[in-house]
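# Topology and contacts: notes
Single-letter residue listing:
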Amino acid sequence: SFGAGVLHHLGTLGGAREYENPHIAKLVVARLSSVESGAPEALVQSISESEADATAECCTKDEPGSWVSIDLGEGRSLCPEGYSVRSASGKGKLRHWWLQGSADGAAWKTLKKHANDASLAEKPHSIAFWVLDASSVGGDSFRFFRLLQTGPSSSSTAKNCLRCAGIELYGGLDTPETAQRRAGGSSGAHCEIIAADATSGVCYVKHPSRPLAMFCR
């Protein structure tokens, strides 16, 4: 399972409807530094490993410094605690890259550096999950996230192509609705589980008056 996180949450409007790709629904914007194949919406498509195929992935051109990014949209920001990546169907898994966050899409903060990271197995649509170091995040929230490739992939050719079949983000999501509740002094003792991954034991928990979430294992 890819695991339901923030992007899946947005695609279901917080569980209020059947899932729709949030890029297609114009809730978020997915981008690639260049496009060799596929379409940007593949970056935020929430599908199971068994459902994934070559049409649900994208690939940049063979250029150094290739990247893929996600804009959560106006008024939304995420204090990240972890993230998942689903690889493409062919060869060329990510091995050297940085996860970065930005408030404005211009100035980027590096949240995690990967070097010779073989977590993504050499099989079609392999999935890996990483927890972020709280000291690297520094309690900051970001509207934009990107994977910046900093070295060659596992492919013997086209080593600078960034191939990806999905990204999912986990953490505390702040939206105009949560900001309005805080401004109105909303109170209450209950928490709502809005996303959970049974495989990893991770839950995304929302309190009515707070944007931050926590992981439960």
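Quick summary incoming for the structure in this document. (Residues numbered from 1 in each chain as written. Predicted model: local features only at pLDDT ≥ 70, side-chain atom pairs only at ≥ 80, totals over all residues. Heavy atoms only, no water.)

### Considering the overall build of the protein
Of the regular secondary structure elements, the protein holds three helices and 13 strands. When the 217 residues of the protein are sorted by exposure, 49% land in the buried category. Expressed as a percentage of contacts within the protein between residues at least 6 apart in sequence, the contacts between residues at least 24 apart total 70%. Total accessible area on the protein is roughly 9,800 Å²; 51% of this is exposed by carbon and sulfur atoms. (Helix = DSSP H or I, 4+ residues; strand = E, 2+ residues; numbered from the N terminus. Buried < 20%, exposed > 50% of the residue type's maximum accessible area, 1.4 Å probe, protein only. Contact = heavy atoms within 4.5 Å. Areas by Shrake-Rupley, 256 points an atom, 1.4 Å probe, with all protein chains shown as cover.)

### Structural notes on the nonpolar core
V28, L43, L72, Y83, V85, L147 and I167 are the most contacted members of the largest nonpolar core, which totals 35 residues. Breaking this core down by element, the ones donating at least two residues are α1 (6-11), β1 (29-32), β4 (67-71), β5 (77-86), β6 (97-102), β8 (127-131), β9 (144-149) and β11 (166-174). Here this core gets four residues from one element, more than from any other, and that element is β5. Excluding residues within four positions of it along the chain, L43 makes contact with A30, R31, L32, C58, V68, S69, C164, G166 and I167. (Core = buried A, V, L, I, M, F, W, Y, C linked by side-chain atoms within 4.5 Å.)

### Thoughts on unusual backbone geometry
Notably, H125 is not glycine yet its phi reads approximately 55°, a positive angle. When you line up the elements, H125 lands in the loop between β7 (109-114) and β8. In this model, A158 sits at a positive phi of 50°, which is unusual for a non-glycine residue. Positionally, A158 belongs in the loop between β9 and β10 (163-164).

### Concerning the side chain of D117
If you trace the backbone, D117 turns up in the loop between β7 and β8. Side-chain polar atoms of D117 contact the side chain of H114, separated by 2.7 Å. Setting aside chain neighbours within four positions, we find D117 in contact with L94, R95, W97 and W130. (Polar contact = N/O pair within 3.5 Å; in protein donor to acceptor, adjacent residues only side chain to side chain.)

### Things to note about the sheet that holds β6
Strands sit in the order β1-β4-β9-β6-β7 across an open sheet of five strands; the sheet is antiparallel. Each of the sheet's edge strands pairs with one partner strand only, and the pair in question is β1 and β7. Across this sheet, the average inter-strand angle for adjacent strands is 15°, counted without regard to direction. Looking at chain direction, β6 and β9 are connected through six bridges and run antiparallel. Looking across to β9, one finds that W97 is bridged to Q149. (Pairing = 2+ DSSP bridges. Axes fitted to C-alpha atoms, helices over the stretch in contact; angles between N-to-C directions.)

### Details of empty space enclosed by the protein
In this structure the tally under the stated criterion is one cavity of 30 Å³ or more. As a volume, the largest cavity reaches approximately 40 Å³. Forming the boundary of the largest cavity are V68, S69, I70, L99, F145, R146, L147, I167 and L169. For the lining of the largest cavity, the secondary structure elements donating two or more residues are β4, β9 and β11. In terms of residue class, the lining of the largest cavity is built from seven nonpolar, one polar and one charged. (1 Å grid on protein atoms, 1.4 Å probe; cavity = no way out; pocket = protein on both sides within 12 Å on 5 of 7 lines; lining within 4 Å. Points joined across faces, edges and corners; volume = space filled by probe spheres on them. Nonpolar A, V, L, I, M, F, W, Y, C, P; charged D, E, K, R; others polar.)

### Here we look at the packing of aromatic side chains
Ring pairs (aromatic) are described by centroid distance and by the angle formed between their planes. Considering all chains together, one arrives at four aromatic pairs under this definition. Residues F142 and F145 carry aromatic rings whose centres are separated by 5.9 Å and whose planes lie at 80° to one another, so their mutual orientation is edge-to-face. With respect to burial, F142 and F145 carry one shared label: buried. Ring pairing ties together the aromatic residues Y83, W97 and W130, which thus form one cluster. Between K113 and the ring centre of W98, over which it is positioned, the NZ or CZ distance is 4.7 Å. Sitting above the plane of the W108 ring, R146 keeps its charged end 4.3 Å from the centroid. (Phe/Tyr/Trp six-rings, centres within 6.5 Å; stacked < 30°, edge-to-face > 60°. Lys NZ or Arg CZ within 6 Å of the ring centre and 35° of its normal.)

### What to know about the environment of T175
Assignment of secondary structure puts T175 in the loop between β11 and α3 (176-183). In this structure, the C-alpha to C-alpha distance between T175 and G73, residues 102 residues apart in sequence, is 9.4 Å. Other than its neighbours up to four places away in sequence, T175 contacts G75 and R76. A polar contact is formed between the side chain of T175 and the side chain of E177, at a distance of 3.0 Å.

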